[in-house]
Amino acid sequence: MDDKVDTSRKSKVAFATGSRADYGIVRRYLKLLDDDPAIDLSILVTGALLEQAYGHQVDIVKEDGFSIGVEVPLGIDSLSEIGVAHSMARALEGFSAHFADNKYDLLIILGDRYEMLSVATAAAMQRIPILHIHGGEATFANYDEFIRHAITKMSLYHFTATEEYRRRVIQLGEEPDRVFNLGALGAENCLAADFDKSPSRPLPQRDYFVVLFHPETMSTADPLAQTQELLGAISELEGYDYVFIGSNADTHSDVVRAAVQDFVASNDNAHYYENLRTRDYHHLVQHAQALVGNSSSGLIEAPSLGVCTINIGHRQDGRVRGKSVLDVKCLKDEISIALRQAGSMPAPDPLDNPYYQPQTAEKYHEKTCEILNRVANDASMTKVFWDMPMEVFIDHK
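Computed from a predicted structure; not experimentally measured.

Caption draft 1: Examining the overall build of the protein chain more closely. The secondary structure content of the protein chain amounts to 13 helices and 13 strands. Taken against the 2.2 N^0.38 rule, which gives 21 Å for 397 residues, the C-alpha radius of gyration of the protein chain at 21 Å falls within 12% of a compact globule. By principal-axis analysis of the C-alpha atoms, the protein chain measures approximately 60 × 55 × 45 Å. Evaluated residue by residue, the protein chain yields a buried proportion of 56% over its 397 residues.

Given below as structure tokens:
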């Protein structure tokens, strides 16, 4: 199939983003779309990117030169589930108004953030076709789990990060010829990063760990108690520095953030960054002893950086992981043992990352162009539930 879009009319494409993580992951892909003369790309910004408390990262989007189609502030309140629900309601209202006046040929959404569920709902109600990235994954201890699958059902096309995830999206009733396993952009970004450029943040002067820890939003675990287990383990291992990165805007993230900031204020070997540019974050992790915490970055990006991951607790339960990921319970003693083991763990081969495929960003761009050539026809037909063949369910024992 010809992967060039009809240049007689520019295709209106939008990417919705609400966090530093999803924007950093897709930045190279967005650049390819933005440079395509047949595509008119807009970035739709919401969530933590617009909040001063989370570093007002929308400034980076502007500095990168992308055209911002709309900014929908949410006044994020992550203290409770009802606070998150109020943020979702504001997102639904704001994006419903935007999509009523702006008919995009394709809306691109990544992942499973709660504000992205509102964006997807608003777009689906306006019959705007959605391309969903990173569907089919599982994270049992977080509400990301059901949000991700809900977005899948509102989407017309899907780019998954592994073949297992592709099969799972199809299992959810999506037509196989609209589901594409193209690898994870984050896994390739690390290999394509220009580490020769000087980072804007200096590295610690001695060996260090990078710590990125989020609350488990669908477990009964106490986020403060979990954070204290982690900080207790760190306190026992002397001779290292610890660089903490701010938590996501999830329920009870304020509890995690406050405990970490108090710890940093009381320990000279601890440092805190609310946000980092993607290149600076990768540079920091690349030179660390290990990435510690429960971020998906530890499973997807750290292996491509040649760094092992100490994955704590249940937040990432269900996700595919490589051999460089060491899973431990959120208990001080287990974390302490893992921290001591980190120095002797063999560095992973970046090409042995289960999420990596070569030229992922280019594949995403090419496949998006193919989609734009068929989207008008596909979107004109009623989307149906694709039933798996009966032989899949036959017991072959």
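Caption draft 2: Geometry of helix H9 (residues 253-266). Compared with an ideal rise of 1.5 Å per residue, which puts 14 residues at 20 Å, H9 spans 20 Å between its outermost C-alpha atoms and is within 8% of the ideal. Taken residue by residue, H9 has Ser253, Val256, Arg257, Ala259, Val260, Phe263 and Val264 as its buried positions. Mapping the buried residues of H9 onto a view down its axis gives an arc of 165°, with all of them on the same face. Across from the buried face of H9, at angles greater than 90 degrees, the exposed residues are Asp262, Ala265 and Ser266. Where H9 is buried, its residues contact helix H8 (223-236), strand E9 (241-245) and strand E10 (270-273).

Caption draft 3: Broad picture of the sheet that holds E9. Judged by pairing direction, the sheet is parallel, and its six strands sit side by side in the order E10-E9-E8-E11-E12-E13 without closing on themselves. The sheet is open, and its two edges are formed by E10 and strand E13 (325-328), each paired on a single side. In this sheet, neighbouring strand axes are inclined to one another by 20° on average, regardless of whether the strands run parallel or antiparallel. Strand direction decides the pairing type here: E9 and E10, joined by four bridges, are parallel. In the sheet register, Tyr242 faces E10, and the bridge partner there is Ala270. Its contacts with the sheet place H8 against strand E8 (208-212), E9, strand E11 (291-293) and strand E12 (309-312), and it is angled at close to 155° to E9. Lying over the sheet, helix H12 (residues 332-342) contacts E8, E11, E12 and E13, oriented at roughly 160° with respect to E13.

Caption draft 4: Quick peek at the environment of Ala302. Among the secondary structure elements, Ala302 is positioned in the loop between helix H11 (297-300) and E12. The spatial distance from the C-alpha of Ala302 to the C-alpha of Glu71 is 31 Å, given a sequence separation of 231 residues. For Ala302, the contacting residues outside a window of four places in its chain are Leu291, Ser297, Val307 and Thr309.

Caption draft 5: Looking closely at the sheet that holds strand E3 (residues 68-72). Taken in spatial order, the seven strands of this open sheet run E3-E2-E1-E4-E5-E6-E7, and their pairing is parallel. Only two strands of the sheet have a single neighbouring strand rather than two, namely E3 and strand E7 (179-181). With strand direction ignored, the average angle separating the axes of adjacent strands in the sheet is 20°. Across the face of the sheet, helix H4 (residues 114-125) comes into contact with strand E1 (11-17), strand E2 (39-46), strand E4 (106-110) and strand E5 (130-133) while running at roughly 160° to E4.

Caption draft 6: How the structure looks around the nonpolar core. Membership of the largest hydrophobic core comes to 35 residues, with the highest contact counts inside it found for Tyr29, Leu30, Ile108 and Phe159. Mapped onto this core, the elements with two or more residues apiece are E1, helix H1 (20-35), E2, helix H2 (58-63), E4, E5, strand E6 (157-160) and helix H13 (360-380). Contacts of Leu30, omitting those with residues within four sequence positions, involve Phe15, Tyr23, Leu41, Ile43 and Phe66. Residues Ala48, Ala91, Ile151 and Ala249 belong to the second largest nonpolar core, which totals 29 residues.

Caption draft 7: Representation of the state of the cysteines. This model, assessed by the stated rule, comprises zero disulfides. Distance from the sulfur of Cys308, which forms no disulfide, to the nearest cysteine sulfur (Cys190) is 14 Å. A relative accessible area of 4% means that Cys308 is categorised as buried.

Caption draft 8: Region of the structure containing the side chain of Asp241. Its place among the elements puts Asp241 in strand E9. Beyond its immediate sequence surroundings of up to four residues, Asp241 is in contact with Pro204, Arg206, Asp207, Tyr208, Phe209, Asn269 and His271.

Caption draft 9: Region of interest: the packing of aromatic side chains. Counted under the stated rule, the structure contains eleven aromatic pairs. Summarising the aromatic geometry, the rings of Tyr29 and Tyr364 are spaced 5.3 Å apart at their centres and angled 80° between planes, so their arrangement reads as edge-to-face. Of this pair, Tyr29 sits in helix H1 while Tyr364 is found in helix H13, placing the two residues 335 residues apart along the sequence. Exposure class is identical for Tyr29 and Tyr364. Each is buried. Ring centres 4.9 Å apart and planes at 70° place the aromatic pair Phe159 and Tyr364 in the edge-to-face group. You can see Phe159 sitting in strand E6 and its partner Tyr364 sitting in helix H13, a full 205 residues away along the chain. The structure contains a cluster of three or more aromatic residues connected by ring pairs, namely Tyr29, Phe159, Phe180 and Tyr364. When the ring centre of Tyr104 is taken as reference, the NZ or CZ atom of Lys12 above it lies at 5.1 Å.

Caption draft 10: Seen up close, the packing of H1 against helix H7 (residues 185-192). Axis separation between H1 and H7 bottoms out at 9 Å; the angle between their running directions is 70°. Relative to H7, the element H1 lies roughly perpendicular. Counted together, Gly24, Ile25, Val26, Arg28 and Tyr29 of H1 and Leu185, Gly186, Glu188, Asn189 and Ala192 of H7 form the full contact between these two elements. For the contact of H1 with H7, a count of residues per class yields five nonpolar, three polar and two charged.

Calculation criteria
- Residues numbered from 1 in each chain as written.
- Predicted model: local features only at pLDDT ≥ 70, side-chain atom pairs only at ≥ 80, totals over all residues.
- Heavy atoms only, no water.
- Helix = DSSP H or I, 4+ residues; strand = E, 2+ residues; numbered from the N terminus.
- Rg over C-alpha atoms; globule rule 2.2 N^0.38 Å.
- Buried < 20%, exposed > 50% of the residue type's maximum accessible area, 1.4 Å probe, protein only.
- Expected span 1.5 Å × (residues − 1).
- Arc of directions from axis to C-beta.
- Contact = heavy atoms within 4.5 Å.
- Pairing = 2+ DSSP bridges.
- Axes fitted to C-alpha atoms, helices over the stretch in contact; angles between N-to-C directions.
- Core = buried A, V, L, I, M, F, W, Y, C linked by side-chain atoms within 4.5 Å.
- Disulfide = S-S within 2.5 Å.
- Phe/Tyr/Trp six-rings, centres within 6.5 Å; stacked < 30°, edge-to-face > 60°.
- Lys NZ or Arg CZ within 6 Å of the ring centre and 35° of its normal.
- Parallel < 35°, antiparallel > 145°, perpendicular 65-115°, else oblique.
- Nonpolar A, V, L, I, M, F, W, Y, C, P; charged D, E, K, R; others polar.

Nothing here speaks to function; it is all geometry.
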